[in-house]
Amino acid sequence: MTSGHHHILWGAVAAAIIVFFLAALGVGAITYDRAYEGRIFPGVHIGMMDVSGLDRDTAVARVQAAVDARLSQGFAYVLDGSTATIDATLGATNDPDLSYPVVEVDVPALVDHAMHVGRSPSLTAAWSDRVSGAVNGGVTIPLTATIHEERLLDALTDNFGAALTLMEPPRVVPTVSSEGSVAWHVEDGRTGRVFRAAAVMDDTAARMAALDPAPIILTMAEAAPPFTRDDARRVIPILDAALASAPLTF
């Protein structure tokens, strides 16, 4: 057999091997897809919970049970040695319609995200997710929560109000003499003491994400007046000019 025939034969064998390999990959991919049809691919976690192989309803039920168990514990906050626990849902205990959430988790949306892992329209992205899930330590979807900041801060104020100080800006105050002349003096403002709202939000979200009931240590910040006494004094000439140009009664 000539060298040319050898090359043709080996070329045909190589082509057959490639075709067989690609066909095997295709069959394997189809088999893998069918094996996990309607179920979450291996290695996928929502927060700390492994939801591999679960169908949507089962995953929602399992994750919701864990989330509800954590929410039912409320969130404990510590300030200056005092502890208060804020319920995840606040309101009238005898009228659920008047209740409102402080911390809530959209479990179905998280599970839908988990179902989507490995199912991207892009085959490259889909198989990258599948390989990451099966081989590279898994794919983790953060257990994100919605924290209603104003409601939470209001509840914390109800419990720790004595530790807070209201910020007050300097004030320009008139004194009217018996002859009707006006003198101005400036009263000092006051620096407030407030919760570090961003830290409260971040720490609460982190406790929820980890299903961790550990207390949250509150940190405080100073709220300085938006202007100084000197700034307030600069207004006095404007006030005097206004008095000179228009009759005003005090």
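Here, the structure is the one placed above.
Note that the structure is predicted; figures quoted are calculated from it, not measured. (Residues numbered from 1 in each chain as written. Predicted model: local features only at pLDDT ≥ 70, side-chain atom pairs only at ≥ 80, totals over all residues. Heavy atoms only, no water.)

A.B. asks: Outline the sheet that holds strand S8 (residues 139-141), supporting the account with residue identities and numerical values.
C.D. replies: Pairing is mixed across the open sheet formed by 3 strands, whose spatial order is S2-S1-S8. At either margin of the open sheet sits one strand with a lone partner, and together these are strand S2 (49-50) and S8. For strand S1 (residues 44-46) and S8, the ladder comprises 3 bridges, and the chain directions are parallel. If you follow His45 over to S8, its bridge partner there is Thr140. Across the sheet, helix H3 (residues 107-116) touches S1 and S8, and the angle it forms with S1 is around 165°. (Pairing = 2+ DSSP bridges. Helix = DSSP H or I, 4+ residues; strand = E, 2+ residues; numbered from the N terminus. Contact = heavy atoms within 4.5 Å. Axes fitted to C-alpha atoms, helices over the stretch in contact; angles between N-to-C directions.)

A.B. asks: Please give an account of helix H2 (residues 56-72) that cites residues and values.
C.D. replies: Its 17 residues place the ends of H2 24 Å apart at the C-alpha level, agreeing with the 24 Å of an ideal helix rising 1.5 Å per residue. Here H2 has its buried residues at Ala59, Val60, Val63, Val67, Arg70 and Leu71. For H2, the arc enclosing every buried residue in end-on projection is 100°, short of the 170-degree limit, so these residues lie on one face. Facing away from the buried side of H2, by more than 90 degrees, are the exposed residues Asp57 and Ser72. Of the surrounding elements, those touching the buried residues of H2 are S1, S2, strand S3 (75-79), strand S7 (103-104), H3 and helix H6 (197-209). The N-terminus of H2 is capped by Asp55, whose side-chain oxygen sits 3.2 Å from the backbone nitrogen of Asp57. Once H2 finishes, Gly74 follows within two positions and takes phi at roughly 70°, a positive value. (Expected span 1.5 Å × (residues − 1). Buried < 20%, exposed > 50% of the residue type's maximum accessible area, 1.4 Å probe, protein only. Arc of directions from axis to C-beta. Polar contact = N/O pair within 3.5 Å; in protein donor to acceptor, adjacent residues only side chain to side chain.)

A.B. asks: Describe the nonpolar core, with residues and values.
C.D. replies: By size, the foremost hydrophobic cluster in this structure holds 44 residues, and its most contacted members are Tyr77, Leu156 and Phe195. Elements supplying a minimum of two residues to this core: S1, H2, S3, strand S4 (82-86), H3, S8, helix H5 (149-160) and H6. Setting aside chain neighbours within four positions, we find Tyr77 in contact with Ser82, Thr83, Ala84, Ile86, Leu152, Leu156, Phe160, Val200, Thr204, Ile216 and Leu218. (Core = buried A, V, L, I, M, F, W, Y, C linked by side-chain atoms within 4.5 Å.)

A.B. asks: Explain a negative patch on the surface to me, using residue names and the numbers behind them.
C.D. replies: Together, Glu149, Glu150, Asp154 and Asp158 make up a region of like negative charge exposed at the surface. Among the structural elements, Asp158 can be located in helix H5. (Patch = residues over 30% accessible without salt bridge, like charges linked within 9 Å, V, L, I, M, F, W, Y side chains within 5 Å. Areas by Shrake-Rupley, 256 points an atom, 1.4 Å probe, with all protein chains shown as cover. Salt bridge = Lys/Arg side-chain N within 4 Å of Asp/Glu carboxyl O. Lys, Arg positive; Asp, Glu negative; His and termini not counted. Charge placed at Lys NZ, Arg CZ, Asp CG, Glu CD.)

Purely spatial values, then, with no claim about function.
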